[in-house]
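Next come the chains, spelled out residue by residue.
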Amino acid sequence: MAQQVAGNPRLRIRPDYRLERFAPLRTRILGADADVAEAVELLNNLWLEEQTADIAAWDEQVLAPGPAPIPLPAPVPVPVPGPPHDPAEPRPGVRPLPAIQANVGPSSRADIRCAPAVFDKLRQVQYVPLYHFTLDACRNHTTTDSDADLSFRQTPNGLVVTSLSATSRKTINDADLSWDQVGRARIIFLREIERAGWPVEYRSVYAELFLALDSHPMADEPHGKAILIQYFADVRREFHDAIAQGRPLFDLGLVNDTRLNEIAGRFHRERQALVVARYA
């Protein structure tokens, strides 16, 4: 194997053999009596021969194939971050938060709502006694319900709390409510059926019914309010029975005076029978 050449020989500079410091070398080559010019020419030729050989060896050395390079590991892909998330846009799968209204403070009155089990029935447009929309029922449902009283029903959207006892415990039938209770409960009731997504026409006939009872002349007669409440209880139950059975619905907002008078007659006969029985 040829001797390795250290460094590129083309970068070498030929020495000036005429200098006094090369006198020993000139004497060693041609003797003490040698001509300086002849000795310098010989040394130049020797240097050129060696330089030519080194250049050839260097070129071969540079062009010779070296050892196979060690393969580098594949680069690990660096995840490219996406565009920054806009806080105004909801994240996928996350319920968007409602916007805060500027310069709008809390309501002057507490937001009173019915019990969750009651509201579940409302969303299905089922019959719910009006008592559950009175202030007492709405304020106390969180303290009267218990886990032991809860039952569940499977729906396409999952399990739904039905809590049968939550809609029956301490419930007052519509016919047994006072006039004042009906008047206060209807406000919460109308608001809750709107929140439950009832059709506009359903909400409208209920509102018309409440107004019709308020303005009916019988409200000013003796026991007239109790008779109107009994009428309200009867027609309201029939209305929801028709919904459940898929029958055509009547206009709940129209007061049937014939039926109202029939209820009034039955009411007075029952009261008269109680009086007679008391003094018999």
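Residues numbered from 1 in each chain as written. Predicted model: local features only at pLDDT ≥ 70, side-chain atom pairs only at ≥ 80, totals over all residues. Heavy atoms only, no water.

Caption draft 1: Representation of the overall build of the protein. A tally of regular secondary structure across the protein gives eight helices and two strands. In sequence order, the secondary structure elements of the protein are arranged as α-α-α-α-β-β-α-α-α-α. In the protein, which comprises 280 residues, the share counted as buried stands at 29%. Sequence separation of at least 24 residues holds for 64% of the intrachain contacts in the protein that already meet a minimum separation of 6. As presented, the protein carries roughly 20000 Å² of accessible surface, and 57% of it is formed by carbon and sulfur atoms. (Helix = DSSP H or I, 4+ residues; strand = E, 2+ residues; numbered from the N terminus. Buried < 20%, exposed > 50% of the residue type's maximum accessible area, 1.4 Å probe, protein only. Contact = heavy atoms within 4.5 Å. Areas by Shrake-Rupley, 256 points an atom, 1.4 Å probe, with all protein chains shown as cover.)

Caption draft 2: Representation of the nonpolar core in the model. One finds Leu122, Leu130, Phe133, Phe189 and Trp198 to be the most contacted residues of the largest nonpolar core, which totals 40 residues. Elements with a contribution of two residues or more to this core: α3 (116-123), α4 (135-144), α5 (179-195), α6 (200-215), α7 (224-245) and α8 (257-279). If you tally residues by element for this core, the top one is α7, at seven residues. The contact partners of Leu122, leaving out residues within four places of it in the chain, are Cys114, Val128, Phe133, Phe189, Glu192, Ile193, Ala196 and Trp198. Membership of the second largest hydrophobic core comes to five residues, among which are Tyr17, Phe22, Val40 and Trp47. (Core = buried A, V, L, I, M, F, W, Y, C linked by side-chain atoms within 4.5 Å.)

Caption draft 3: Looking closely at the pattern of salt bridges. For the structure shown, the criterion picks out nine salt bridges. With a closest N to O distance of 3.4 Å, Asp120 and Arg123 form a salt bridge. Here Asp120 pairs with Arg123, and both are found in helix α3, just three residues apart, close to one helical turn. Under the relative-accessibility criterion, Asp120 is labelled buried at 6%. Between Arg184 and Asp180 there is a salt bridge; the shortest N-O distance is 3.1 Å. Linking Arg184 with Asp180, this pair stays in helix α5, spanning four residues, or about one helical turn. The partly exposed category is assigned to Arg184, whose relative accessible area is 48%. Given a relative accessible area of 48%, Asp180 falls into the partly exposed group. (Salt bridge = Lys/Arg side-chain N within 4 Å of Asp/Glu carboxyl O.)

Caption draft 4: Spotlight on a nonpolar patch on the surface. Side chains of Ile29, Leu30 and Leu46 sit close together on the surface and give an oily, nonpolar patch of about 220 Å² of accessible area. Along the chain, Leu30 turns up in helix α1 (residues 23-30). (Patch = residues over 30% accessible without salt bridge, like charges linked within 9 Å, V, L, I, M, F, W, Y side chains within 5 Å.)

So, to be careful, I would describe these as geometric facts and stop short of saying anything about function.
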